[in-house]
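A look at the structure
These are the residues of each chain, in order.
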Amino acid sequence: MNSLLEPSDDILIVNMVKGFENSAHTALVENGFRDYFKEHGLRTKRSVNSITIPSTAETEVNRELTTYYIKNPGTKGVFVTNSRAHLISKYHALHELDIKVVGFDIVPGNVTELKNGNIDFIISQRPIFQGVTAIKVLFDFFVYKKSPAAIQYVPLDIIIKENVDYYINFQ
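Below, the structure is looked at part by part. Quantities reported herein were computed from a predicted structural model and do not represent experimental measurements.

Okay, the overall build of the protein chain next. Of regular secondary structure, the protein chain possesses 6 helices and 6 strands. Dimensions of the protein chain along its principal axes, counting C-alpha atoms only, are 60 × 35 × 35 Å. Look at the contacts in the protein chain between residues 6 or more apart in sequence, and 62% of them connect residues 24 or more apart. Of the roughly 10200 Å² that the protein chain leaves accessible, carbon and sulfur atoms contribute 57%. For the protein chain, the distance from the average site of its 18 positive side-chain charges to the average site of its 19 negative ones is 5 Å.

Take a look at the structure:
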């Protein structure tokens, strides 16, 4: 996100949590995002705000974004903490807003909006790889009595419109 924006451009973090079932996960993602900016001294001229939208209904998302942008016209980047970045990018396209969007997960709506140029980056967390890694760790623990590492690192991929088809075919 930092490479997409000017140093004084504000950033909005959007958490969409239908029924708050994913609120712990989105809080971790948001805290990690904020920590990166803090640790690298990148918040000196910009504000990083967040909103939580308790729905994924397009009308409610649009209402929340309209309210936010009226009060915060300096927002030039949006980081969506889950797989619903396509809802944000559709709003931007509809209202002809030049706001950069970064989201998570290769879901059909995000892929379409990425190809249309309305999402700038998608972060893929390689869910299949994560699942295989978890099963392997459990297997090693129960079968070989091998204690797992406290932290399990897994790769993240940055997807752009130029490599999205390759990435999907590679999976």
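Back to the text.
Turning to helix 2 (residues 58-71), a few remarks are in order. Each α-helix turn comprises 3.6 residues. Residues three or four places apart therefore point the same way. Between its first and last C-alpha, helix 2 extends 20 Å over 14 residues, near the 20 Å set by a 1.5 Å rise per residue. If you check which residues of helix 2 are buried, you get Val61, Leu65, Tyr68 and Tyr69. One side of helix 2 carries all its buried residues, which in axial view fall inside an arc of 95°. In helix 2, the exposed positions that point more than 90 degrees away from the buried face belong to Thr59, Ile70 and Lys71. Along its buried surface, helix 2 packs onto strand 1 (10-16), strand 2 (48-53), strand 3 (75-80) and helix 3 (85-94).

Bringing the environment of Leu114 into the picture now. In this fold, Leu114 is placed in helix 4 (residues 108-115). By relative accessible area, Leu114 is classed as buried at 0%. It is 23 Å that separates the C-alpha atoms of Leu114 and Tyr68, two residues lying 46 residues apart in sequence. With near-sequence residues (within four places) excluded, Leu114 lies in contact with Ile119, Asp120, Phe121, Ile122, Ile159, Ile160, Lys161 and Val164.

Time to look at the side chain of Glu113. Structurally, the position occupied by Glu113 is in helix 4. Buried and unpaired, Glu113 has Lys90 as its nearest opposite-charge partner, separated by 5.2 Å. Of note is the side chain of Glu113, whose polar atom sits 3.1 Å from the side chain of Ser89. Beyond its immediate chain neighbours, meaning those up to four positions away, Glu113 contacts His86, Ser89, Lys90, Asn118 and Ile119.

Take the packing of helix 2 against helix 3 next. When two helices pack together, their arrangement is given by the angle between the helix axes and by the axis-to-axis distance. Interhelical geometry of helix 2 versus helix 3 gives an angle of 60° and a closest axis separation of 10 Å. One element, helix 2, and the other, helix 3, form an angle in the oblique class. Relative to helix 3, the crossing made by helix 2 is right-handed. Facing Glu58, Val61, Asn62, Leu65, Thr66 and Tyr69 of helix 2, the residues of helix 3 in contact are Leu87, Ile88, Lys90, Tyr91 and His92. For the contact of helix 2 with helix 3, a count of residues per class yields 6 nonpolar, 3 polar and 2 charged.

Once that is clear, we can look at a nonpolar patch on the surface. Residues Ile135, Leu138, Phe139, Phe141, Phe142, Val143 and Tyr144 make up a contiguous nonpolar surface patch of about 760 Å² in total accessible area. Relative to the helices and strands, Val143 is located in helix 5 (residues 127-144).

All right, on to the pattern of salt bridges then. Under the criterion given, the structure shown has 4 salt bridges. The closest approach of N and O atoms between Lys115 and Asp165, which form a salt bridge, is 2.8 Å. Taken together, the positions of Lys115 in helix 4 and Asp165 in helix 6 (residues 164-170) put the pair 50 residues apart, joining distant regions of the chain. Since its relative accessible area comes to 42%, Lys115 is described here as partly exposed. Salt-bridge contacts for Asp140 lead to Lys136; the nearest nitrogen and oxygen are separated by 3.0 Å. Taken as a pair, Asp140 and Lys136 lie in helix 5 at a separation of 4 residues, close to a single helical turn. A residue is classified by how much of its surface remains accessible, and Asp140, at 12% relative accessible area, is buried. Residue classification places Lys136 among the exposed residues on the basis of a relative accessible area of 52%.

What counts and what doesn't
- Residues numbered from 1 in each chain as written.
- Predicted model: local features only at pLDDT ≥ 70, side-chain atom pairs only at ≥ 80, totals over all residues.
- Heavy atoms only, no water.
- Helix = DSSP H or I, 4+ residues; strand = E, 2+ residues; numbered from the N terminus.
- Contact = heavy atoms within 4.5 Å.
- Areas by Shrake-Rupley, 256 points an atom, 1.4 Å probe, with all protein chains shown as cover.
- Lys, Arg positive; Asp, Glu negative; His and termini not counted.
- Charge placed at Lys NZ, Arg CZ, Asp CG, Glu CD.
- Expected span 1.5 Å × (residues − 1).
- Buried < 20%, exposed > 50% of the residue type's maximum accessible area, 1.4 Å probe, protein only.
- Arc of directions from axis to C-beta.
- Salt bridge = Lys/Arg side-chain N within 4 Å of Asp/Glu carboxyl O.
- Polar contact = N/O pair within 3.5 Å; in protein donor to acceptor, adjacent residues only side chain to side chain.
- Axes fitted to C-alpha atoms, helices over the stretch in contact; angles between N-to-C directions.
- Parallel < 35°, antiparallel > 145°, perpendicular 65-115°, else oblique.
- Left-handed = near helix turned anticlockwise from the far one by under 90°.
- Nonpolar A, V, L, I, M, F, W, Y, C, P; charged D, E, K, R; others polar.
- Patch = residues over 30% accessible without salt bridge, like charges linked within 9 Å, V, L, I, M, F, W, Y side chains within 5 Å.

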